[in-house]
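# Observations on the model geometry
Single-letter residue listing:
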Amino acid sequence: MKASSRPEILETHDTEHRTAARATFGSRTGAATSSPAPVRNFADTWRILVVEGSRADRATLTEALERHGHHVDAVDSGAEALAWFETADLVLLDLDLPDLDGLEVCREIRVAGDIPVITVTSRASELDCVLALQAGADDYVIKPYGIRELMARLDAVMRRARRRPHTDPDADGGAVLEHGPLRIDSDSREVEMSGRPVPVTRKEFDLLALLASAPGQVISRESIMRKVWGESWSRRTVDTHVSSLRSKLGGPEWIVTVRGVGFKLRSMR
């Protein structure tokens, strides 16, 4: 496992990217990569964990996902995947990893919670597909594949994920929460600061909406985990999302840490 506090996103030269793109995405990639990425709604911005044993494939997939507007963390082993998956909205999982069987990694992720998992692998048999789905994968993509196909599968999986309840159904508050210059629209799942859109991931939105439902009130870590992540628990998961939100909102003062208890949204009084 790497010693750094975040997964390392590896970079390669353009030649390696092109070579890897042909190997991973097939001949269909040419047309997709030559045209500009489509404009995406900020509500469709996700934090994706790429778990890929091949350095070239990892770099190529990371570049393609970032070009489509997503935040990407990339790791090259099953151990790192299990250490970091809780910070992601979705996991793209290669089954052929250097340390652990990808199917076992998928099972561990599914036991821990309901984070969507798409396996991306060269294993093409019907049995491999069945085993991956039985291990808890939401979808199964076979290499080589087209980037448009992959993005369509990502969209489909995340549409299903959005139908799951993300916040406390008994929480008070209407569809739009306004807190000074901060505006949170629960229907469109969009965030604005002083009229400017703030791109947030699915879990970042759920966390911010929960804090904004009771501004100035301390919400414990346990309550945050239960309402936003279900049964999963990790101190690092909450801290990572809080840190990301502080950066996106323009400063650390928006979310206040109450040591030993939890967090609260800054009071505007």
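Residues numbered from 1 in each chain as written. Predicted model: local features only at pLDDT ≥ 70, side-chain atom pairs only at ≥ 80, totals over all residues. Heavy atoms only, no water.

Right, let's get into the overall build of the protein chain. When you go through the protein chain residue by residue, the secondary structure sums to 10 helices and 12 strands. Looking at the protein chain as a whole, 49% of its 269 residues are labelled buried. Intrachain contacts of the protein chain at a sequence separation of at least 6 include 65% that bridge at least 24 residues. When the accessible area of the protein chain is evaluated, it comes to approximately 12,700 Å², of which 50% is carbon and sulfur surface. (Helix = DSSP H or I, 4+ residues; strand = E, 2+ residues; numbered from the N terminus. Buried < 20%, exposed > 50% of the residue type's maximum accessible area, 1.4 Å probe, protein only. Contact = heavy atoms within 4.5 Å. Areas by Shrake-Rupley, 256 points an atom, 1.4 Å probe, with all protein chains shown as cover.)

In low-pLDDT regions, the fine details of the predicted coordinates are not to be read closely. Mean pLDDT for the protein chain: 79, with 76% of residues reaching 70 or above. No element of the protein chain has a lower mean pLDDT than helix H2 (residues 29–34), at 38, and none a higher one than strand S3 (residues 90–93), at 95. Every residue in residues 1–6 scores below 50 in pLDDT, and together they form 13 contacts with partners more than four places removed in sequence or on other chains. In this model residues 27–43 is a low-confidence stretch, pLDDT under 50, and it forms 27 contacts with partners more than four residues away in sequence or in other chains. (pLDDT = per-residue confidence, 0-100.)

Each pair of packed helices gets described by two things: the angle between the helix axes and the distance between those axes. Closest axis-to-axis distance for the helix H8 (residues 202–212)/helix H9 (residues 221–229) pair is 10 Å, and the angle between their directions is 130 degrees. In terms of axis orientation, H8 runs oblique to H9. Between H8 and H9 lies a crossing whose hand is right-handed. Here Lys203, Asp206, Leu207, Leu210 and Leu211 of H8 come into contact with H9, specifically with Ile224, Lys227, Val228 and Trp229. Counted by class, the contact of H8 with H9 contains six nonpolar, no polar and three charged residues. (Axes fitted to C-alpha atoms, helices over the stretch in contact; angles between N-to-C directions. Parallel < 35°, antiparallel > 145°, perpendicular 65-115°, else oblique. Left-handed = near helix turned anticlockwise from the far one by under 90°. Nonpolar A, V, L, I, M, F, W, Y, C, P; charged D, E, K, R; others polar.)

With that out of the way, let us pick up the pairing of strand S6 (residues 176–179). Alternating positions in S6 separate cleanly, Leu177 and His179 being buried on one face and Val176 and Glu178 remaining unburied on the opposite face. Pairing geometry for S6 and strand S7 (residues 182–185), over four bridges, is antiparallel. Following the sheet pairing, Val176 is matched in S7 by Asp185. In this structure, the hairpin formed by S6 and S7 is closed by a connection of two residues, where Gly180 is found at a positive phi of approximately 60 degrees. (Pairing = 2+ DSSP bridges.)

Among the residues making up H9, those that are buried are Arg221, Ser223, Ile224, Met225, Val228 and Trp229. Just downstream of H9, Gly230 is the residue with a positive phi angle, here 70 degrees.

Another aspect to go through is unusual backbone geometry. With glycine set apart, most residues show a phi of negative sign, and most peptide bonds adopt trans. Across the junction of Lys143 and Pro144, the peptide omega takes the value -5 degrees, indicating a cis bond. In this structure, Pro144 sits in the loop between strand S5 (139–142) and helix H7 (147–162). Although it is not a glycine, Arg189 sits at a positive phi angle of roughly 55 degrees. With respect to the helices and strands, the residue Arg189 is situated in the loop between S7 and strand S8 (190–193).

If you trace the four strands from one edge of the open sheet to the other, you get S6-S7-S8-S9, paired in antiparallel fashion. Because the sheet does not close on itself, it has two edges, and the strands there are S6 and strand S9 (196–198). Pairwise comparison of adjacent strand axes, ignoring direction, gives a mean angle of 25 degrees for this sheet. The pairing of S8 with S9 spans three bridges and is classified as antiparallel. Bridged to Glu192 within S9 is Pro197. Sheet strands in contact with H8 are S6, S7 and S8, and its direction is about 115 degrees off that of S7.

With the rule as written, the count across this model stands at 15 salt bridges. Where Arg153 meets Glu149, a salt bridge forms, and the shortest distance between an N and an O atom there is 3.1 Å. Taken together, the positions of Arg153 and Glu149, both in helix H7 and four residues apart, correspond to about one turn of that helix. Relative accessible area serves as the criterion here: at 29%, Glu149 is assigned to the partly exposed category. A salt bridge links Asp185 to Arg183; its shortest N-O distance comes to 4.0 Å. In this structure Asp185 comes out as buried when scored by relative accessible area, which is 15%. Relative accessible area serves as the criterion here: at 29%, Arg183 is assigned to the partly exposed category. Overlapping salt bridges, with partners in common, bring together Arg47, Asp73, Glu204 and Lys248 in one network. (Salt bridge = Lys/Arg side-chain N within 4 Å of Asp/Glu carboxyl O.)

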